[in-house]
Structures are given as structure tokens and as C-alpha cells.
Amino acid sequence: MAKPLPKIGSRRNGRIGSRKNSRKIPKGVIHVQASFNNTIVTVTDVRGRVISWSSAGTCGFRGTRRGTPFAAQTAAGNAIRTVVDQGMQRAEVMIKGPGLGRDAALRAIRRSSILLSFVRDVTPMPHNGCRPPKKRRV
């Protein structure tokens, strides 16, 4: 007995076209989160949906090398390369955190072909919130 032919475009065949590449994003927001141990770069559209992301850890840096400026520069370049292929031309940059990768990531973003409308520092600052830990006695 012959096997029935599967229907074209059925769920069993899997996805026909990739949704990621079909979207054209002219404008977006680049979030840089720079801690002392790692730098995470996330590219979103204007509504906040993530398009691309990269971090120093995913770029292959391990241990203390993740917090270096070169690792942040590499992570920013990886995240931006994918969105430039999708057609992004303009972006806003939000930088958060005290890490070494802040300036290096911003330098890598400026070197790309994306026009920056503004750069904003969104590091959370306490208005005398929690009590700090006691001083160390060595």
C-alpha cells in the first residue's frame, strides 16, 4: 500500500519561511548592559521586541576576560552585524552599568553604519535607598 503524500505547508513539514529575516526594521533601540564581569548588548525594535543580542560570554570570552573592553567591542559588533543585514539604519542607545565595556561598546556602535539619534545613560541610581554593608576591617 502506498504512503499518502504529506500536504504542502502542513505543520509536520516545519516552518516554510523564516520569520526573523522577513521583518524589515528601519529604527531600533540598542541596550548595552555593562557590569564588571560581562557586557550584554541587546538590539530591540521601537516597541521593545528583541531582534538580536550578544554578550562577551557568547562571543567566546571566559572568566575575567569577559569584563574587558575588547570583549564588549566584539559583543557589540556581533549584535549589530545581524540587524544591519535586516535593514536597520537609525538607532537610539541606552547604556546601563558601571563596567569597563561601556565606552568600548559605544565606540563599536558608532563605527557601524547605523545613525545614532541619541545616547542615554540609564544606570539606576539610588536616592539613598538601602543601607550599605559595613566597612571592611583588614
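Calculation criteria
Every chain is numbered on its own, with residues counted from 1 as its sequence reads. Given that this is a predicted model, residues contribute local features only at a pLDDT of at least 70 and side-chain atom pairs are listed and counted only at 80 or more, while totals for whole chains, interfaces and linings are drawn from all residues. The basis for every side-chain value is the complete set of non-hydrogen atoms in the structure, without hydrogens or water. Note on terminology: a nonpolar core comprises buried Ala, Val, Leu, Ile, Met, Phe, Trp, Tyr and Cys residues joined through side-chain atoms within 4.5 Å. Each residue gets one of three labels from its accessible area relative to the maximum for its type: buried under 20%, exposed over 50%, partly exposed in between, using a 1.4 Å probe on protein chains only. Here a strand is any run of E in DSSP of at least two residues, a helix any run of H or I of at least four, and the numbering for each starts at the N terminus. Every residue pair with non-hydrogen atoms within 4.5 Å of one another is taken to be in contact. Here a strand pair is declared whenever DSSP counts at least two bridges between the two strands. Every axis in this analysis is a line fitted to C-alpha atoms, fitted for helices over the stretch in contact. Angles between the N-to-C directions lie between 0 and 180 degrees. Excluding any residue in a salt bridge, patches collect residues exceeding 30% relative accessible area, merging like charges within 9 Å and nonpolar Val, Leu, Ile, Met, Phe, Trp and Tyr side chains within 5 Å. Each accessible area is a Shrake-Rupley result for a 1.4 Å probe, and residues are judged covered by the shown protein chains and nothing else. Here, a salt bridge means any Lys or Arg side-chain nitrogen found within 4 Å of an Asp or Glu carboxyl oxygen. Two rings from Phe, Tyr or Trp (for Trp, the six-membered ring) form a pair when their centres are within 6.5 Å of each other. A pair whose planes differ by under 30 degrees is stacked, one over 60 is edge-to-face, and the rest are tilted. The hand of a helix crossing depends on one turn: near helix anticlockwise from the far one by less than a right angle means left-handed, and clockwise means right-handed. Throughout, the ten residues Ala, Val, Leu, Ile, Met, Phe, Trp, Tyr, Cys and Pro are labelled nonpolar, Asp, Glu, Lys and Arg are labelled charged, and all others, Gly among them, are labelled polar.

J.: It is not clear to me how the nonpolar core should be interpreted in this structure. Could you clarify?
T.: In a soluble, globular protein the nonpolar side chains are often hidden away together inside. Ranked by size, the top nonpolar core spans 22 residues in total, and within it Ile30, Val32, Val41, Met88 and Ile109 carry the most contacts. At the level of elements, β1 (27-34), β2 (39-45), α2 (69-85), β4 (90-96) and α3 (101-111) are the ones that each hand at least two residues to this core. The element contributing the most residues to this core is α2, with six residues. Once residues within four sequence positions are removed from consideration, isoleucine 30 is found in contact with Val41, Thr42, Val43, Ile80, Ala91, Glu92, Val93, Met94 and Ile109.

J.: Any chance you could explain the sheet that holds β1 here in plain terms?
T.: Two orientations exist for strands paired in a sheet by backbone hydrogen bonds: parallel and antiparallel. The sheet built from five strands is open, its strands ordered β3-β2-β1-β4-β5 with mixed pairing. Each edge of the open sheet carries a strand with a single partner, namely β3 (50-55) and β5 (115-121). Each strand axis lies, on average, 15 degrees off the axis of its neighbour in the sheet, ignoring direction. For β1 and β4, the ladder comprises seven bridges, and the chain directions are parallel. Along β4, the bridge assignment pairs glutamine 33 with lysine 96. Along the sheet, α2 makes contact with β1, β2 and β3, crossing β3 at roughly 155 degrees. Where α3 meets the sheet, it contacts β1, β2, β4 and β5, and its direction lies at approximately 165 degrees from that of β5.

J.: I keep staring at a nonpolar patch on the surface and nothing clicks. Help me out?
T.: Taken together, Ile40, Val50 and Trp53 make up a surface patch of nonpolar side chains, about 290 Å² in accessible area. Checked against the element boundaries, tryptophan 53 lands in strand β3. On the basis of relative accessibility, which here comes to 51%, the residue tryptophan 53 falls in the exposed class.

J.: Help me out: how do you make sense of unusual backbone geometry in this one?
T.: With the exception of glycine, most residues fall at negative phi, and the peptide bonds are largely trans. At asparagine 128, a position not held by glycine, the phi torsion is positive, near 55 degrees. Assignment of secondary structure puts asparagine 128 in the segment after β5. A relative accessible area of 76% means that asparagine 128 is categorised as exposed.

J.: Just checking my understanding: could you explain the packing of aromatic side chains for this structure?
T.: Here the distance between the centres and the angle between the planes together describe a pair of aromatic rings. For the structure on display, the rule yields one aromatic pair. Here the aromatic rings of phenylalanine 61 and phenylalanine 70 are separated by 5.9 Å at their centres, their planes lie at 85 degrees, and the arrangement is edge-to-face. Residue phenylalanine 61 is classed as buried on the basis of its relative accessible area of 15%. Classification of phenylalanine 70 by relative accessible area gives exposed; the value is 51%.

J.: Can you walk me through α3 in this structure?
T.: Turn by turn, an α-helix covers 3.6 residues, leaving residues three or four places apart pointing in a common direction. Buried within α3 we find Gly101, Ala104, Ala105, Leu106, Ala108 and Ile109. Lining the buried residues of α3 we find β1, β2, α2, β4 and β5.

J.: Explain the packing of α2 against α3 here, please?
T.: α3 packs onto α2 with a crossing angle of 35 degrees between their chain directions and a minimal axis gap of 8 Å. At the point where α2 passes α3, the crossing takes the right-handed sense. Of the residues in α3, those in contact with Pro69, Ala72, Gln73, Ala76 and Ile80 of α2 are Gly101, Ala104, Ala105, Ala108, Ile109 and Arg111. Classifying every residue of the contact of α2 with α3 gives eight nonpolar, two polar and one charged.

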